[in-house]
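The residues making up each chain are set out below.
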Amino acid sequence: MDGQGNIMTSTLPQGFPEAQIDTIATCVLTAFQNAKKAQMPLSELIINFTALRILARELRGGAIVFLMPTTANQPGRKS
Amino acid sequence: MAVQQKILLLDDEQDFLDLYQEMLGQHLSMLPEVRTALNGSRALSMLEAEKYSLLILDLHMPKMDGLQVLAIARRKYPELRVVILTGVRDEQFRTRAYAMGVDQYWMKPETDQEMGLFMESIETLLSAETQGGFRGVQSKSLVDIIQLECLSQNSALLKITNGAVEGKIWIQNGEVVDAEAVGTTAEPAFQRILTWKTGSFEVLPPDPGRPRKIFTSYQGLLLNTAQALDEAASQVVQTPGGEEVAAATDAAVMLAEISQLRGVEFVLASILRKKKRTHEFWGIENPKPLSDWMEGTFDQFDELGEMLQAGQLQQVVGTGPQRKAALARSGDTRLCVGFGANLSADELRDTMKNILTKWVS
């Protein structure tokens, strides 16, 4: 996404709600921008939810965001 | 005429399914009908087709794992009892499973004794189903559960988990006989556990061999603890400007302790007191911009988590050229901890775990 939150390219499926994409973009960009205002510029954010991890890298005002569901199927685990 | 109860077993190993189908079908007193499924899709189809009393499922399965099945089953069949039976010991998965609403979480039994305990707990779960009653025990407070167990003259072992910290309360014949938490036992441990505002708990089979160390009645224990908590909450001081603020205290002492941890450059805590947030900090000259960032980030990502149905926001880690920052919560308290830029990801994770353990205790 660019610095205004416009999605430039995405590998998300077409069915992924646009509203959710926009919200993710807004949250990530706001977090980067406000961190800068707080004199604590950040280049990367990792947001851990119970079932999802979001990794965001700041790119000259915009960002690239990776969405990774967290499941029990981690590499190397056996039941 | 009593309706025969149905159990659905879900695991990707046929041998396991065959063994437990026989065990559960023949050795439980209510002789339930036990059906099996080798994958999540099949299990969900079976749940759609017929009513089951209990779902026992493994976590680690190809294509659709146990947590994914759990998420769907919990939403579509709120009355269904769910037990996780897994071979992988992982506290994170345990916490996640309880947060999603399982009734019990078991490691696959390896000894006869463990198998006996497991069968007993399934028997108890199914008996509760036939006797009626209410689900959603997790929505009750710990005090409610203790009172319920004691009033019913029950014996049980309550295992309480609060993040990385664990406590236990032994109840025998309606009396609280012992407690254990964070290196303490008896009444001090009981009081400490009851100060935990959030967490999850399991009601395990009783431990009749536990020697008695608490001799106060459960009503007395609860009253003493409530009084102690009220006294702590009501300690306020007046500033020269006439404003009442919480006495300082535990939070300030805790921040000072946290500041001694390796790599910590600053700490900011947002504490909810009487529905209002107060901020305590160490190592920051002007905390307002940072506290605004912290509160805004928490609020935004909490909302995002709800929108995406991704579960609770657990932690945010930011990396910058000069420093790293981690956001986490402990109960109603929001924490922002700043670290040097050179701290590795593993060290940061371990230090945050340490901080949250200290905060809770």
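A brief structural summary. (Residues numbered from 1 in each chain as written. Chains lettered and ligands numbered in written order. Predicted model: local features only at pLDDT ≥ 70, side-chain atom pairs only at ≥ 80, totals over all residues.)

### Looking at the overall build of chain A
Reasoning step 1: Of the regular secondary structure elements, chain A holds one helix and three strands.
Reasoning step 2: Helices and strands in chain A line up, N terminus first, as α-β-β-β.
Reasoning step 3: In chain A, which comprises 79 residues, the share counted as buried stands at 30%.
Reasoning step 4: A fraction of 27% describes how many contacts in chain A between residues 6 or more apart in sequence connect residues 24 or more apart. (Helix = DSSP H or I, 4+ residues; strand = E, 2+ residues; numbered from the N terminus. Buried ≥ 20, exposed ≤ 12 C-beta atoms within 10 Å, placed from the backbone. Contact = placed C-beta atoms within 7 Å.)

### Some words on the environment of Asn-224 of chain B
Reasoning step 1: Considering the arrangement of structural elements, one finds Asn-224 of chain B in helix α8 (residues 218-233).
Reasoning step 2: Distance from Asn-224 of chain B to Glu-187 of chain B, taken between C-alpha atoms, is 9.8 Å for residues 37 residues apart in sequence.

### Topic: the sheet that holds strand β5 (residues 104-107) of chain B
Residues and elements named next belong to chain B.
Reasoning step 1: Spatially, five strands are ordered β2-β1-β3-β4-β5 in an open sheet, and the strand pairing comes out parallel. Whereas interior strands pair on both sides, the edge strands pair on one side only; in this sheet they are β2 (33-37) and β5. The average undirected angle you get between the axes of adjacent strands in this sheet is 20°.
Reasoning step 2: Packed on one face of the sheet, helix α1 (residues 14-27) meets β1 (6-10) and β2 and runs near 165° to β2.
Reasoning step 3: Across the sheet, helix α2 (residues 40-49) is in contact with β1 and β2; its angle to β1 comes to roughly 165°. (Pairing = 2+ DSSP bridges. Axes fitted to C-alpha atoms, helices over the stretch in contact; angles between N-to-C directions.)

### A word on the interface of chain B and chain A
Reasoning step 1: On the side of chain A, 30 residues touch chain B, which itself brings 38 residues to the contact.
Reasoning step 2: Counting only elements with at least two residues in the side of chain B that touches chain A, the list comes to α3 (66-76), α4 (91-100), α10 (287-308), β15 (313-319) and β16 (323-330) of chain B.
Reasoning step 3: The greatest single-element share of the side of chain B that touches chain A, amounting to eleven residues, is contributed by α10 of chain B.
Reasoning step 4: Considered class by class, the residues forming the side of chain B that touches chain A number 18 nonpolar, 16 polar and four charged. (Nonpolar A, V, L, I, M, F, W, Y, C, P; charged D, E, K, R; others polar.)

### Some points on unusual backbone geometry
Residues and elements named next belong to chain B.
Reasoning step 1: Despite not being glycine, Asn-173 has its phi angle at roughly 50°, a positive value.
Reasoning step 2: Looking at where Asn-173 falls in the secondary structure, it is placed in the loop between β7 (165-172) and β8 (175-181).
Reasoning step 3: Accessibility expressed as a C-beta count within 10 Å gives 11 for Asn-173, which makes it exposed.
Reasoning step 4: Backbone geometry at Gln-309 places phi at a positive 55°, although glycine is not the residue there.
Reasoning step 5: In this fold, Gln-309 is placed in the loop between α10 and β15.

### Some thoughts on the packing of α2 of chain B against α3 of chain B
Residues and elements named next belong to chain B.
Reasoning step 1: Between α2 and α3, the shortest axis-to-axis distance is 10 Å and the interhelical angle comes to 15°. On the basis of the axis angle, α2 is roughly parallel to α3. Viewed along their axes, α2 and α3 form a crossing whose handedness is right-handed. Contact with α2, carried on its side by Gly-40, Ala-43, Leu-44 and Leu-47, involves Gln-68, Val-69, Ile-72 and Ala-73 of α3 and no other residues of that element.
Reasoning step 2: Looking at the contact of α2 with α3 residue by residue, the classes come out as six nonpolar, two polar and no charged. (Parallel < 35°, antiparallel > 145°, perpendicular 65-115°, else oblique. Left-handed = near helix turned anticlockwise from the far one by under 90°.)

### Quick word on α2 of chain B
All names here are of chain B.
Reasoning step 1: When α2 is considered as a whole, its buried residues turn out to be Gly-40, Ala-43, Leu-44 and Leu-47. Buried residues of α2, viewed axially, fall in a sector of 95°; they line one side. Exposed side chains of α2 directed beyond 90 degrees from the buried face belong to Ser-41, Ser-45, Glu-48 and Ala-49.
Reasoning step 2: Residues of α2 that are buried sit in contact with β1, β2 and α3. (Arc of directions from axis to C-beta.)

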